[in-house]
Amino acid sequence: MKLIAGNSNRPLAEAVSAYLNRPLTRANVRRFSDMEVFVEVEENIRGEDVFVIQSTSFPANDNLMELLVMLDALRRSSARRVTAVVPYYGYARQDRKTGPRTPISAKLVANLVTTAGANRMLTIDLHAGQIQGFFDIPVDNLFAAPVFTGDIKAKCGDKDAASDIMIVSPDVGGVVRARIIASRIGADLAIIDKRREKAGSSEVMNIIGDVKGRVCLLVDDIVDSAGTLCNAAGALMDAGAESVSAYVTHGVLSGGAVGRIAGSPLDEMVITDSIPATEAVRVSNKLRPLSIAPLIGEAIRRISEEASVSSLFN
């Protein structure tokens with residue numbers, strides 16, 4: 001097995017390397033003066049099982065191009081199998097036509113990754129499960145639920161504390177994700193139905209479930225501007241919730257998201273390290289990171305040993 005890392009999330013790659021007790025393969029991944037990507041693998045990888053760790057987070061296009069060039073370099077270096085380990089799969093939100101003459105960019109990126117030389121894909125919490133079908137290669141879509149449930153159980157401690165928890169999906173599309181966590185900790189489930197009365201108007205939020213006096217935990221896959229989660233937290237507090245926190249897999253946190261979270265009713269937002277933390281995230285007292293390196297590392301080990309990956313979640 002060989003591990004190789006791009007520049008998008010070096011700390012996560014190093015943590016995975018430490019978990020597996022295997023060094024990262026030496027590689028020169030740099031830019032020419034006109035910002036073209038250049039990759040040179042500095043070790044022999046002929047016949048090896050190679051895992052490329054590279055998120056396609058900001059700057060998304062640069063990191064995606066870096067991933068594609070790395071895959072091509074590995075394919076041309078006669079690697080036996082190349083697995084693209086993409087903790088955060090960019091363009092996943094463009095998974096269907098939302099209007100006339102619009103792209104399905106998640107499918108385009110799948111084609112690019114496959115054509116560049118990936119034999120397998122490993123990712124975490126795809127925005128939509130059907131994206132796995134966009135690939136013509138095997139895709140392992142890991143879930144952050146075990147990481148989140150372990151943290152929730154550690155915080156609540158006993159059964160009485162767990163009985164006060166209400167897992168909340170911030171929209172109808174995330175119900176399955178929230179239900180998995182709710183079932184793992186034995187908590188109830190609530191859903192926020194959000195809709196717009198007309199274009200340009202503020203969202204009207206209806207809460208399905210009784211959250212009065214409950215400790216509410218919002219569960220989502222991506223937080224970008226944080227507007228939806230902050231609005232949901234406000235609606236839950238208005239409905240009588242005792243407190244509101246959030247668990248989110250991918251902390252994109254663009255624009256003024258960190259400031260918006262700081263001024264919101266959220267007590268805390270827990271995010272994974274699938275995307276490297278910015279300085280604003282690191283100094284925020286409302287944002288707390290959880291590492292997914294052990295989850296990714298164990299999945300890589302099982303893929304390399306041809307063992308079951310799905311049993312990770314049993």
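Residues numbered from 1 in each chain as written. Predicted model: local features only at pLDDT ≥ 70, side-chain atom pairs only at ≥ 80, totals over all residues. Heavy atoms only, no water.

**Student:** Please clarify how the overall build of the protein should be interpreted in this entry.
**Tutor:** A tally of helices and strands in the protein yields 10 helices and 14 strands. Against the globule reference of 20 Å for 314 residues, the protein gives a C-alpha radius of gyration of 20 Å, in line with a compact fold. Considered along the principal axes of its C-alpha atoms, the protein spans approximately 60 × 45 × 35 Å. Across the 314 residues that make up the protein, the buried fraction comes to 52%. In the protein, once contacts between residues fewer than 6 apart in sequence are set aside, the share between residues at least 24 apart is 62%. With the model as given, the accessible surface of the protein reaches about 14500 Å², and the carbon-plus-sulfur share is 50%. Averaging the positions of the 35 positive and the 37 negative side-chain charges in the protein gives two centres separated by 4 Å. (Helix = DSSP H or I, 4+ residues; strand = E, 2+ residues; numbered from the N terminus. Rg over C-alpha atoms; globule rule 2.2 N^0.38 Å. Buried < 20%, exposed > 50% of the residue type's maximum accessible area, 1.4 Å probe, protein only. Contact = heavy atoms within 4.5 Å. Areas by Shrake-Rupley, 256 points an atom, 1.4 Å probe, with all protein chains shown as cover. Lys, Arg positive; Asp, Glu negative; His and termini not counted. Charge placed at Lys NZ, Arg CZ, Asp CG, Glu CD.)

**Student:** Hey, could you run me through the side chain of Ser274 in this one?
**Tutor:** Within the secondary structure layout, Ser274 lies in the loop between strand E13 (268–272) and helix H9 (279–283). A distance of 2.8 Å separates polar atoms of two side chains, one belonging to Ser274 and the other to His250. Once residues lying within four places of it in the same chain are set aside, the contact partners of Ser274 are Asn9, Leu12, Ser55, Pro87, Tyr88, Thr249, His250 and Ile292. (Polar contact = N/O pair within 3.5 Å; in protein donor to acceptor, adjacent residues only side chain to side chain.)

**Student:** Would you explain the packing of helix H4 (residues 145–156) against helix H6 (residues 175–185) in this entry?
**Tutor:** The description of two packed helices rests on the angle between their axes and on the distance between the axes. One can describe the packing of H4 onto H6 by two numbers: an axis separation of 10 Å at closest approach and a directional angle of 45°. With respect to H6, the element H4 is oriented oblique. As H4 packs across H6, the resulting crossing turns out to be right-handed. Together, Ala145, Pro146, Phe148, Thr149, Ile152 and Lys153 of H4 and Ile180, Ile181, Arg184 and Ile185 of H6 make up the contact between the two elements. Grouping the amino acids of the contact of H4 with H6 by side-chain chemistry returns seven nonpolar, one polar and two charged. (Axes fitted to C-alpha atoms, helices over the stretch in contact; angles between N-to-C directions. Parallel < 35°, antiparallel > 145°, perpendicular 65-115°, else oblique. Left-handed = near helix turned anticlockwise from the far one by under 90°. Nonpolar A, V, L, I, M, F, W, Y, C, P; charged D, E, K, R; others polar.)

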